[in-house]
Amino acid sequence: VTITTRMLVSHLSGIRHYEKDITKVKEEKEKANRALKLTKSHQDKEQKEKEGKGIEKTDCVKQKKEHDSETKSRNSKPGRNDKEFEQEEYYLKEKFESVIESLKIFKNDPLFFKPGDQFLYSTYGFTLLSAVVERASGQKFTDYMLKMFRDLDMLSTVLDDNEAMIYNRARCYIYNKKGRLVNAPYVDNSYKWAGGGFLSSVGDLLKFGNALLYSYQAGQFKNRNGKLLPGYLKPGTVAMMWTPVPKTEVSWDRDGKYAMAWAVVEKNQQYGCCRQQRHYASHTGGAVGASSVLLILPEELDPETLGAWPVAPPRGVIVTIICNMQSVSLNSTALKIAREFDKEKRAQ
């Protein structure tokens, strides 16, 4: 078979995640899909009953039901085991000197499916992707990334190296089996730098989000007398990264599809004065003792007024949350915050 970098970056390669048993992965996917169908069937039944009785529920009740439904939808995880952090490979303590060396963990394991046929979120797919970057750049992957972070002015973003003295490094926590808060166990992330091996701050992640949003929008601001600097990436590159890829899915938002290392929800509104789906890109992060999210909600720009606007890009709302607690679902919270700020900007 052939595995391309596009397949790797969209999790279509067939390379396994932490679970080695393909039967268990399939069972979890089927269970999640059944739960989704049951939820949808229940919602449709309630809607028909309401229409048949001609009863209009109060705004308060309707909003609560919509909120509960949205919360269930966003927190359900297709194809992912709720007990994922019980997988042994999350807790590896072996130190790998290079990303090429860390490929030995999974390189001889069978693929779960023919590349390009199905979606399976895979941290190891990104380990292989980092090896591609290393060979293509002629540099160690970690050196290449740290130089990029410096270019982006992300000076607080570093390798999660246990031995290094890192100013203001937070302690990480988990709940044990008895439900008590305890310190997270020690792990060595050198086997997955690309998939979860960096430490950062909310300030640095905001810089990263702004750089991407600026790059995405810079091409639309043309009438500025050449004073607008180019973005870190070309506008077309970011647009490609934020274009949904067929056959993918997103665990943290059922409305979304996976793109290139980003989850994307596209703009959509089927009926007037009804639910409106805004275009945004996000990605969550989960590690031993920590959770995070970075969400970018671009402002909808009017091409006719861009030349007259006194303010240059980036235009939109960026939300990032990092917490030193394991298994915290953050995307829906970030989206609510982004919508509130966006609503405030529209009102001004």
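Residues numbered from 1 in each chain as written. Predicted model: local features only at pLDDT ≥ 70, side-chain atom pairs only at ≥ 80, totals over all residues. Heavy atoms only, no water.

You'll find the chain entered in an unreviewed UniProt entry as LACTB protein, with Sylvia atricapilla given as the organism.

This next bit is on the pattern of salt bridges. Tallied over the entire structure, the rule returns 15 salt bridges. Here D342 makes a salt bridge to R278, at a shortest N to O gap of 2.5 Å. A residue pair is termed long-range when its members are at least 10 positions apart, and D342 in helix α10 (residues 331–347) and R278 in the loop between β6 (263–265) and β7 (280–287) qualify at 64 residues. Salt bridges sharing common partners tie together R16, K20, E89 and D109. (Salt bridge = Lys/Arg side-chain N within 4 Å of Asp/Glu carboxyl O. Helix = DSSP H or I, 4+ residues; strand = E, 2+ residues; numbered from the N terminus.)

This part covers the packing of aromatic side chains. Enumeration over the complete set of coordinates arrives at eleven aromatic pairs. Relative to Y90, the ring of Y18 has its centre 4.0 Å away and its plane inclined at 25°; by these criteria the two rings are stacked. Here Y18 is found in the loop between α1 (5–9) and α2 (22–53), whereas its partner Y90 is found in the loop between α3 (59–75) and α4 (99–102), with 72 residues between them in sequence. Like Y18, the residue Y90 is buried in the burial classification. By the ring-pair criterion, three or more aromatic residues cluster together here, those being Y18, F85, Y90, Y91, F106, Y124 and Y191. (Phe/Tyr/Trp six-rings, centres within 6.5 Å; stacked < 30°, edge-to-face > 60°. Buried < 20%, exposed > 50% of the residue type's maximum accessible area, 1.4 Å probe, protein only.)

In the sheet, β6 pairs with β7 via three bridges, with the strands oriented antiparallel. What sits directly across from A263, in β7, is S282. Both β7 and strand β8 (residues 290–298) contribute to a ladder of seven bridges, which runs antiparallel. Looking across to β8, one finds that A287 is bridged to A290. Hairpin geometry of β7 and β8 is characterised by an intervening segment of two residues between the two adjacent antiparallel strands and by a positive phi of about 90° at G289. (Pairing = 2+ DSSP bridges.)

Turning our attention to the nonpolar core. In this structure, Y124, L212, W242, W262 and I296 are the most contacted members of the largest nonpolar core, which totals 42 residues. At the level of elements, α1, α5 (123–137), α6 (141–151), α8 (202–218), α9 (235–241) and β8 are the ones that each hand at least two residues to this core. Beyond its immediate sequence surroundings of up to four residues, W242 is in contact with L212, Y216, A259, W262, V264, A281, I296 and P298. V319, I321, M325 and A338 belong to the second largest nonpolar core, which has 14 residues in total. (Core = buried A, V, L, I, M, F, W, Y, C linked by side-chain atoms within 4.5 Å. Contact = heavy atoms within 4.5 Å.)

What follows covers a nonpolar patch on the surface. On the surface, V1, I3 and L111 cluster together into a nonpolar patch covering about 260 Å² of accessible area. Topologically, L111 is positioned in the loop between α4 and α5. (Patch = residues over 30% accessible without salt bridge, like charges linked within 9 Å, V, L, I, M, F, W, Y side chains within 5 Å. Areas by Shrake-Rupley, 256 points an atom, 1.4 Å probe, with all protein chains shown as cover.)

Let us now look at the side chain of E89. Note on placement: E89 falls in the loop between α3 and α4. Filtering out sequence-adjacent residues up to four positions away, E89 remains in contact with R16, Y18, K20, I105, Y124 and Y191.

Moving on, we come to the environment of L103. Considering the arrangement of structural elements, one finds L103 in the loop between α4 and α5. L103 sits 89 residues away from K192 along the chain, and the two C-alpha atoms are 9.5 Å apart. Those residues within four positions of L103 in sequence are excluded, and the remaining contacts are T127, L128 and A131.

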